[in-house]
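Notes for the structure review
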Amino acid sequence: MITRDQISNVLDHPVYDGEGHKIGEAKHVFFDDMTGRPEWVTVKTGWFGSNESFVPIREARLVEDHVEIPYRKDQVKEAPNVDVDAGGHLSESEEHRLYDYYGITWDSVLDDGGETGQYGQGEQYGQTGYAAGTAGAMGAAGTAGTAGTAGTAGAAGGTGQYADDDAMTRSEEQMHVGVERREAGRARLRKYVVTEEVETTVPLRHEEVRVEREPITDANRDAALSGPQIGEAEHEVTLHEERPVVETEAVPVERVRMTTDEQTEEETVRGQVRKEHIEAEGVEPDDIRPQDG
């Protein structure tokens, strides 16, 4: 269980589920009026902490620089949305709804020493300390220095000063924007085979028979009279031709690889921050002077 002394090590620190997945950042801690024990922690989730979910802190534990809770990340992110009133209190009905969602019976809550209607209505710690005054013995927490309904709040209450402190500290929230790297998509190279029709022109040669006749002359007379004078004869000539022969071979033609180029673009991020304002009642404007130095 997280104790009051450990709250400063909880706020603005990462919150992890039981499987080691980061859920978000701890934003606020709510206390029980009667027991003064931490009851709830709110966790900022979503892009830039756009959502804030309530989680029971009774089973949480502080581990080094983060908080571990026994609830799954998706369970926390889907927790019921709860509206907290201006005094930083949870209503009894809202607490019932949250306890039911996390499977915690109301009887077990009462067995821990509280009373119905009192759990969840406690002080709220913000990023800079207490966001509500210290409650009186029987009253609900005052809002930023206002006394409890039946008890006496701390004199300055807004940041947890001692009762004898005559100054009030004004605080404000600052927005810090970070970036996270995530997977935006995937690209891959895939090689496949296609068959294409190609054509080319190849010169082909072939032989044809041509009959030549020549008269008998003194130059060829001896060859002409070398055979029989009268008879049958036969002479055969072999003809040739060329035909195309197709062969294929695989040859490398190029190398292909994928690289990434990092581009930077500007994006405007908007958020809401809260500021405390201090008004003086019963004091003339001319009597308000800035502190020297």
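Residues numbered from 1 in each chain as written. Predicted model: local features only at pLDDT ≥ 70, side-chain atom pairs only at ≥ 80, totals over all residues. Heavy atoms only, no water.

**So, a nonpolar patch on the surface**
A cluster of nonpolar side chains, contributed by Val209, Val211, Val237 and Leu239, occupies part of the molecular surface with about 400 Å² of accessible area. Counting through the fold element by element, Leu239 comes out in the segment after α4 (221-224). (Patch = residues over 30% accessible without salt bridge, like charges linked within 9 Å, V, L, I, M, F, W, Y side chains within 5 Å. Areas by Shrake-Rupley, 256 points an atom, 1.4 Å probe, with all protein chains shown as cover. Salt bridge = Lys/Arg side-chain N within 4 Å of Asp/Glu carboxyl O. Helix = DSSP H or I, 4+ residues; strand = E, 2+ residues; numbered from the N terminus.)

**Quick word on the packing of aromatic side chains**
Summed over all chains, the structure comprises five aromatic pairs. Here Trp40 and Phe54 contribute two aromatic rings whose centre-to-centre distance is 6.5 Å and whose plane-to-plane angle is 75 degrees, an arrangement assigned as edge-to-face. One end of the pair, Trp40, is in strand β3 (residues 38-45); the other, Phe54, is in strand β4 (residues 51-56), with 14 residues separating them in the sequence. Assessed through its relative accessible area of 4%, Phe54 is described here as buried. (Phe/Tyr/Trp six-rings, centres within 6.5 Å; stacked < 30°, edge-to-face > 60°. Buried < 20%, exposed > 50% of the residue type's maximum accessible area, 1.4 Å probe, protein only.)

**Here we look at the layout of surface pockets**
Reported here for the second largest pocket is a volume of approximately 390 Å³. In terms of lining residues, the second largest pocket is bounded by Leu189, Arg190, Lys191, Tyr192, Val193, Val194, Glu254, Arg255 and Val256. When grouped by side-chain class, the residues that make up the lining of the second largest pocket number five nonpolar, no polar and four charged. (1 Å grid on protein atoms, 1.4 Å probe; cavity = no way out; pocket = protein on both sides within 12 Å on 5 of 7 lines; lining within 4 Å. Points joined across faces, edges and corners; volume = space filled by probe spheres on them. Nonpolar A, V, L, I, M, F, W, Y, C, P; charged D, E, K, R; others polar.)

**Focus: helix α2 (residues 92-101)**
Of the positions making up α2, those classed as buried are Glu94, Glu95, Leu98 and Tyr99. Considered in projection along α2, the buried side chains sweep an arc of 130 degrees and stay on one side of the axis. Residues of α2 that are exposed and angled more than 90 degrees away from the buried face: Ser93 and Asp100. At the C-terminal side of α2, Gly103 shows a positive phi close to 75 degrees. (Arc of directions from axis to C-beta.)

**Regarding the environment of Ala26**
Structurally, Ala26 can be placed in strand β2 (residues 22-31). The exposure class assigned to Ala26 is buried, which follows from its relative accessible area of 1%. Sequence separation between Ala26 and Phe54 is 28 residues, and the spatial gap between their C-alpha atoms is 9.9 Å. The contact partners of Ala26, leaving out residues within four places of it in the chain, are Val10, Leu11, Asp12, His13, Val15, Val41 and Thr42. (Contact = heavy atoms within 4.5 Å.)

**Thoughts on the nonpolar core**
Formed by 30 residues in total, the largest nonpolar core has its most connected members in Val29, Trp40, Val55, Ile69 and Tyr102. Listing elements by their share of this core, those giving two or more residues are β2, β3, β4, α2 and α3 (106-111). Ranked by residue count, the leading element in this core is β2, at five residues. Beyond its immediate stretch of four places on either side in the chain, Tyr102 contacts Trp40, Phe54, Val55, Pro56, Tyr71, Gln75, Val76 and Ala79. (Core = buried A, V, L, I, M, F, W, Y, C linked by side-chain atoms within 4.5 Å.)

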